[in-house]
Amino acid sequence: MSQTASLPIGARFDDDSPPALRVRGYWSSVGYRLRHDPATLFFGLIVLLIVLAAIFAPLLAPFDPYKEGVVLRLKPFGYRGHPLGTDELGRDLLSRLIYGGRSSLLMGLVPVCIATALGGTLGVIGGFAGRRVNAAIMRTMDVFYAFPSVLLAVAISGAMGGGMANGMAALALVFTPAMCRVAETATAQVRSLDFIEAARATGAGMFTIVRYHVLGNVLGPVFIYASSLVSVSILLASGLSFLGLGVKPPTPDWGLMLSTLRQSIYVAPLSCALPGAAIFVTSICFNLVSDGIRSAMDVRL
Amino acid sequence: MNAPTATSTVMAVPGLDAGASAEPPLVEVDDLTVRFVMREATVHAVNGVSFSVRPGEVLCILGESGSGKSVTLRAMLRLLPPRRTRIEGAIRIGGQDVLALDKRRLRDLRGGLVSMIFQEPMTALDPVYTIGTQIAETVMRHKGGSRAEARARALELLELVKIPSAERRLDNYPHELSGGLRQRAMIAMALSCGPRLLLADEPTTALDATVQIQVLILLRKLQRELGMGTIFVTHDLGVASEIADRIAVMYAGRIVEEGPVAEVLRAPLHPYTQGLLASTMHGQSRDHDIEAIPGSPPDLRRLPAGCAFAPRCVQAQSECRAAVPAPRYPLHGRMARCLRVAGDDASQPWPGLQHSVSPAHVSSER
Amino acid sequence: MSTALDTPLRPLSRAAGEGRGGGADPRDVGGPAQPLLIARDLAKHFHVRGGSKSARVRAVDGVSFTLFKGETLGIVGESGCGKSTLARLLLHLVERDGGELIFDGEPVGAPRGITVAALRRHVQMVFQDSYSSLNPRMPVQDSVAFGPFVHGRRKPDARRVAREMLVKVGLNPDLFGQRYPHELSGGQKQRVNIARALAIEPRMVILDEAVSALDKSVEAQVLNLLRALKAQFNLTYLFISHDLNVVRYISDRVLVMYLGRVVELGPSEEIFTRPLHPYTRALLGSRPSMDPAHRIEEPPITGDPPSAIDPPTGCRFHTRCPFAEDVCAAKSPELGAWLERGSHVAACHMLDAGSGHSAAPA
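Residues numbered from 1 in each chain as written. Chains lettered and ligands numbered in written order. Predicted model: local features only at pLDDT ≥ 70, side-chain atom pairs only at ≥ 80, totals over all residues.

S.K.: Sorry if this is basic, but what is going on with the sheet that holds strand E4 (residues 85-93) of chain B here?
M.R.: For sheets, the rule is that strands pair by backbone hydrogen bonds, running either parallel or antiparallel. Residues and elements named next belong to chain B. Read across the sheet, four strands follow the order E2-E1-E4-E5 without closing on themselves; strand pairing throughout is antiparallel. Because the sheet does not close on itself, it has two edges, and the strands there are strand E2 (42-53) and strand E5 (96-97). Contacts between helix H2 (residues 69-76) and the sheet are confined to strand E1 (27-37), E2 and E4, with E2 contributing the most and set at about 70 degrees to the helix. (Pairing = 2+ DSSP bridges. Helix = DSSP H or I, 4+ residues; strand = E, 2+ residues; numbered from the N terminus. Contact = placed C-beta atoms within 7 Å. Axes fitted to C-alpha atoms, helices over the stretch in contact; angles between N-to-C directions.)

S.K.: What am I meant to see in the interface of chain C and chain B here?
M.R.: Each partner contributes residues to the interface: chain C has 36 residues there, and chain B has 39 residues. Listed by contribution, the elements that provide at least two residues to the side of chain C that touches chain B are helix H8 (186-198), helix H9 (216-233), helix H10 (244-250) and helix H12 (278-285) of chain C. When residues in the side of chain C that touches chain B are grouped by element, the largest group, nine residues, is from H9 of chain C. Its residues assigned to classes, the side of chain C that touches chain B shows 15 nonpolar, twelve polar and nine charged. (Nonpolar A, V, L, I, M, F, W, Y, C, P; charged D, E, K, R; others polar.)

S.K.: Looking at this model, I keep getting lost on the confidence of the model for chain C. Mind explaining?
M.R.: Interpretation of the predicted coordinates at a detailed level should be avoided for regions scoring low in pLDDT. Residues and elements named next belong to chain C. Per-chain confidence: chain C averages 86 in pLDDT, with 92% of residues scoring 70 or above. Predicted confidence for residues 1-23 stays below pLDDT 50, and this span has 23 contacts to residues more than four positions away or in other chains. Interface confidence in the predicted complex, given as ipTM, is 0.85; pTM for the same model is 0.83. (pLDDT = per-residue confidence, 0-100.)

S.K.: Would you mind showing me how to read the nonpolar core here?
M.R.: Inside soluble globular proteins, nonpolar side chains tend to come together where they are buried. With 275 residues, the main nonpolar core has Leu 171 of chain A, Cys 60 and Ala 188 of chain B together with Leu 238 of chain C as its most contacted residues. With 16 residues, helix H9 (residues 206-242) of chain A is the largest single contributor of residues to this core. (Core = buried A, V, L, I, M, F, W, Y, C linked by C-beta atoms within 7 Å. Buried ≥ 20, exposed ≤ 12 C-beta atoms within 10 Å, placed from the backbone.)

S.K.: What am I meant to see in the environment of Ser 289 of chain C here?
M.R.: Here Ser 289 of chain C shows up in the loop between H12 and helix H13 (326-330). Ser 289 of chain C sits in the partly exposed class, given 15 other C-beta atoms within 10 Å. With sequence-adjacent residues up to four places away left out, Ser 289 of chain C is seen in contact with Ser 241 and Glu 242 of chain B together with His 294, Arg 295 and Ile 296 of chain C.

S.K.: What am I meant to see in the packing of helix H11 (residues 271-279) of chain B against H9 of chain C here?
M.R.: What describes two packed helices is the angle between their axes and the distance between those same axes. Across the interface, H11 of chain B lies against H9 of chain C with an axial gap of 8 Å and an inter-helix angle of 50 degrees. Between H11 of chain B and H9 of chain C, the crossing angle belongs to the class labelled oblique. Note that H11 of chain B runs across H9 of chain C; the crossing there is left-handed. Of the residues in H9 of chain C, those in contact with Gly 275, Leu 276 and Ser 279 of chain B of H11 of chain B are Lys 216, Ser 217, Glu 219 and Ala 220 of chain C. Of the residues contributing to the contact of H11 of chain B with H9 of chain C, the split by class is two nonpolar, three polar and two charged. (Parallel < 35°, antiparallel > 145°, perpendicular 65-115°, else oblique. Left-handed = near helix turned anticlockwise from the far one by under 90°.)

S.K.: Sorry if this is basic, but what is going on with the sheet that holds strand E8 (residues 236-241) of chain C here?
M.R.: Residues and elements named next belong to chain C. Within the open sheet, the seven strands sit side by side as E6-E7-E8-E3-E9-E10-E11. Their pairing is mixed. Either end of the sheet is taken by a strand with one partner, and the two such strands are strand E6 (123-126) and strand E11 (345-346). Here strand E3 (residues 72-76) runs beside strand E9 (residues 253-258); their pairing, made up of four bridges, is parallel. Note on E9: the bridge partner recorded for Leu 73 is Arg 253. Together, E9 and strand E10 (261-267) form the strand contacts of H12, whose direction differs from that of E9 by roughly 100 degrees.

S.K.: So what exactly am I meant to see when it comes to the pairing of E9 of chain C here?
M.R.: Within a regular strand, the side chains alternate between the two sheet faces. All names here are of chain C. The buried fraction of E9 amounts to six of the six residues, a majority that puts the element mostly inside the structure. What you see with E9 is no split at all: Arg 253, Leu 255 and Met 257 on one side and Val 254, Val 256 and Tyr 258 on the other are buried throughout. Bridge count between E9 and E10: six bridges; the pairing is antiparallel. What sits directly across from Leu 255, in E10, is Leu 265. Between E9 and the antiparallel strand that follows it, E10, lie two residues; Leu 259 among them carries a positive phi value of about 50 degrees.

S.K.: Would you mind showing me how to read unusual backbone geometry here?
M.R.: Glycine aside, residues mostly have negative phi, and peptide bonds are mostly found in the trans state. All names here are of chain C. The phi dihedral of Glu 209 falls on the positive side, at around 50 degrees, and the residue is not glycine. When you line up the elements, Glu 209 lands in the loop between strand E7 (204-208) and H9. Not every positive phi belongs to a glycine, and Asn 234 is a case in point at roughly 60 degrees.

Below you can see the structure in the form of structure tokens.
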């Protein structure tokens, strides 16, 4: 370097050799690995298509998903312009599937987001605060943790009464303890590292340390776990709707559709299988994408 | 002193007393290359390493982190993860081609002919079994015999490595022992089958100073009494000077200098060895800065074309960066890979040690 | 760029020294003769979980020493001797169970003294593990800038200080500032850690095994750097290490610890040429010879250091000491006059007239 001569102390730049590999930040190196993972990219594309279809449902759906027709009940594929036939009330099945994605995806994403915010916050507090606060938070979470998640979701939404909002609230409550535990573990790990002690030695307060040194390190594991919960949430939400505790008819929803078409399983087995297939494909794609993200983010730095 | 009895029982190797000069080398490593193939890059950990060890000789491989010294040692027992490791070259131990052995013969080699000790004894000792059980198991696996015999042998070994109240320690679990005792127990286990070659991977680095010297002296005595060939990997010049007969200095996966330890420490040939000696603290004047080697070691994913040390070498010339310097043999028994080392003792063929001083007695002769 | 490099840290000095009187260093309160730090009978006992009720680790047990302005005090000892706990006690990263800490004449944490927060403005620490002491998700420049930011500088300003500090430790901020810790070598990371510690202009730096994990060639670079920075910033060092040769090179005075107690304290050259305590002698004699012609044939002492849980009574070294007598197990030896700058003292009954040891002076 040219300024070597003007350096204030005798030291020169000893380590001026250019970096051997391209210097990347953490997130850009995660992006790099994701871009070079064809399987994750493929399933990510499917997820994207499903999401886009749900968003642009009014443009894509060939019929009004609520329009019933007594004569059109349970017609086969391709009947009079209905590509996937009709359901037990004569509504266009394809349109209902496209619209149904809206509530299913919403039920998949919203509870996870709420649980991440709530559980993540509690977990970081629990992991960073002293022993007593930690015990208070974590033991409370353990109480919820003790119940099987399906049972808990059914119980809560049953107690609050059905409906989409209540269903989402129930699912959020189900996921919060797990999220909290993940965040707490990650925080406790980070907390024991020297750079936290160095930050304390600098004179920084607890809030500043959490904001600048803890969150960035906890976000990764929390995000990975959250992405894996989305598919679980979609499945549970469908289950709630199936039991009549989630989305109310006539709103199109995959779980609800599965429940109502179930009675016609011997009349139109293919039509009956469609919502199930939609749930299956969506949740498995979310799962595979989450796995890809996990392996891309899972680097010991 | 219980050494003589111990020797007679431990040493199961015939013919060690035969003239050392006539004997073939115990270990021959020829042009060893080890690469780790990763998702995004290939790490060139070892790049053409050749050396040999005679029976009863202690070779120290000295190098800093990332020099490939531990990888070389692990490659000799094929302990590296096979799926992403590419090993080329030849490794011959006691006449066997290690790289060609099948799984069963490899198991017989490990712990039988060759033993290894590690920096962290807890990696070699199983936490759920007592010391006595573990040593007895090893003895029975390789030598057969009854449980009682194996246990007697275990006791004998603990006494050999000078563990106080050995009888009681047999029934201790590894975590119940202090660091120094644990290290001794691991050495006892390594010696249990009378190996002819001991591979030591920084076995004293994690120990406290007063314990390190005890273990070093113990290893030195045992090695002499049992006549084991030893390859001792360390980053510490002081440790090397205490135990080595010969020393091989590694840098970026290559041996840059080799020779008898006293001569290398007294008059190093390679600029890297010279720099290492200058930057190792041993009573320098406090009035001056230390003559440090500038810069950092090269990235093993992207080695420079020529001499890997050239970017940090104050004496480097343009030829240094053109090609990797070939080994030169300027003096009897000494090698350096540096273009500035003049003179080539052509009468000294690689690895050329037939006529050098009997290494086991370097210290007593001087 | 070169102008930024030529005017190093002057604004920072002014900011740190505001409101204080004149003199060589405006932060100097007690004057040059006042020791920068006096530690008196410091103690820290950790309770061991699961053991019997009385089981506690006496990590630091009555440690006293002085640290004079501008000197380097080396602290040596084996693992478990309490040297790292001592470092954390000095910074109040762990609460002390007993004793007194006086920084530049002002007691720390006492009603009339200075607060812990004020102490941390003046004392910084460099840790052994260069990797875990840097936030892996933060560019190193931001890690260095964190201290000045916490102390009230605005972000661009703090970042400028950080870049200047990186230059001081020999790292080009244009090349290294935006890198993450895993993209640096061990030596480079430790330079960043040093820059981080110095960024808030402390008066004293605790170096806790700061060069121990580095390769020898890099260790030498960092030692040179530490010496240069000390002169430039008028620093006082507390240098903790298990490597006696390094301590000898860098320290003016040396303190030897064994199982939570001070066994010997004195000027560096005296400790290394005329050690008083049998443990110091054993420690010095355990260093490899560096000469294959004169190898060490017998270890100076045998056995491992005992556990700090339930340490031996009396002199804690008596279980391994070749000169131990009954008095050594019965009664704890005193260190003597440790407060003076030139004093060379050791806690051993053999040096104490009338202690009852047969080798003691009459």
